[in-house]
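Okay, here's what each chain looks like letter by letter:
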Amino acid sequence: MNTRTKLGISIGVIILSLLVLIWQNFMHAGLAIDLTEARLQEVNLRYEEINASEEAYDAVKARYDKTIEAFTTLQAKVPDRNGFIQAMNFIRNSAAKHNINLVSIEPNLEDAWPNIKSNLTTTTIHIEKYPVSMTFEGDYISIGTFLEILSEGEFDFNIGRLELASELGNEGALNAKCMLFAYMFVTENG
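In short, a report on the structure.

### Side note on the pattern of salt bridges
Okay, so step 1: If you walk through the whole model with that rule in mind, you get two salt bridges.
Okay, so step 2: Here Arg46 and Glu49 are joined by a salt bridge, their closest N and O atoms 3.1 Å apart. Here Arg46 and its partner Glu49 are both found in helix 1 (residues 3-73), three residues apart, which amounts to about one turn of the helix.
Okay, so step 3: Assessed through its relative accessible area of 49%, Arg46 is described here as partly exposed.

The following block contains the structure:
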C-alpha cells in the first residue's frame, strides 16, 4: 500500500472518529438537555402548585375569618351558659301568653347532642345542642302558634319530635309532647 492510500485511510478514520465523537457529544448534550428540560418542567409544575396553594390559603383564610365573624354573631340568638335560663324562661312565658299549659319542661344538660363533650374535639368557641323534653296542653291553634314562636323567636330552637294526642286533656285541650333542641354558645372548652 502506498503512502497516499495510507494517508487517505488515516484521514478518513480521523474524520470518521471526529464525526463519531462530535455525534456522541451532541447526542449526550441532547440527552442532557432533554433531562434538564424535563426537570425544569417538573419544577415549573411544582411552582404552579405552590402558587395555587398560596392563593387557596388566602381564600380559605378569608372564608374562615368570615365564618368566625358570622359564628360570633350567633351569640345574639344562641345563649351562653348564663343565658340558657333566660331561654327556658322564654319558653315558659311564650306558653303562658298563648294559653298553653306547660306540664313539664326538662332540659338534659348532662351532655350535648351528639355527645360533644365525650366524643368530639371542640374549639374554644363552639355551640352545643341540648335536648329539652316538653309536655304541654292546649288547643290546636294555640299549640301551632306556640311552636311557631319557639322556632322563630329570640332564641334558636329546633323542634325534633312532636306528638299530638287526640285524647282531650283539661278543658278540651290536646295533649302534646315535644323534643325541642336548644343551643348553647360556649366560649371555652369544657
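### Quick look at the nonpolar core
Okay, so step 1: Of all hydrophobic cores here, the largest spans 25 residues; its most connected members are Met88, Ile91, Met134, Phe136, Phe146, Leu150 and Phe157.
Okay, so step 2: With seven residues, the top contributor of residues to this core is strand 4 (residues 174-186).
Okay, so step 3: Residue contacts for Leu150: discarding those within four places in its chain leaves Phe90, Ile91, Met134, Phe155, Phe157 and Leu180.
Okay, so step 4: Residues Met179, Phe181, Tyr183 and Phe185 belong to the second largest nonpolar core, which totals five residues.

### With respect to the packing of aromatic side chains
Okay, so step 1: Per the stated rule, a full pass over the model turns up four aromatic pairs.
Okay, so step 2: On the numbers, 6.5 Å between centres and 15° between planes, the contact of Phe90 with Phe157 is stacked. One end of the pair, Phe90, is in helix 2 (residues 84-97); the other, Phe157, is in strand 3 (residues 157-168), with 67 residues separating them in the sequence. As far as burial versus exposure is concerned, Phe90 and Phe157 are alike and both buried.
Okay, so step 3: A centroid spacing of 6.3 Å and a plane angle of 55° characterise the contact between Phe155 and Phe157, whose relative ring orientation is tilted. For the pair Phe155 and Phe157, one class covers both residues: buried.
Okay, so step 4: What links up through ring pairs into an aromatic cluster is the set Phe90, Phe155 and Phe157.
Okay, so step 5: Lying over the aromatic face of Phe181, Lys129 brings its terminal NZ or CZ to 4.6 Å of the ring centre.

### Concerning the pairing of strand 2 (residues 126-138)
Okay, so step 1: The buried fraction of strand 2 amounts to ten of the 13 residues, a majority that puts the element mostly inside the structure.
Okay, so step 2: Here strand 1 (residues 101-107) pairs with strand 2 via six bridges, running antiparallel. By the bridge assignment for strand 2, Ser104 is matched with Thr135.
Okay, so step 3: Sheet analysis places strand 2 next to strand 4, joined by 13 bridges and oriented antiparallel. For Thr135, the partnering residue across the bridge sits in strand 4 and is Lys177.

Definitions and limits used
- Residues numbered from 1 in each chain as written.
- Predicted model: local features only at pLDDT ≥ 70, side-chain atom pairs only at ≥ 80, totals over all residues.
- Heavy atoms only, no water.
- Salt bridge = Lys/Arg side-chain N within 4 Å of Asp/Glu carboxyl O.
- Helix = DSSP H or I, 4+ residues; strand = E, 2+ residues; numbered from the N terminus.
- Buried < 20%, exposed > 50% of the residue type's maximum accessible area, 1.4 Å probe, protein only.
- Core = buried A, V, L, I, M, F, W, Y, C linked by side-chain atoms within 4.5 Å.
- Contact = heavy atoms within 4.5 Å.
- Phe/Tyr/Trp six-rings, centres within 6.5 Å; stacked < 30°, edge-to-face > 60°.
- Lys NZ or Arg CZ within 6 Å of the ring centre and 35° of its normal.
- Pairing = 2+ DSSP bridges.

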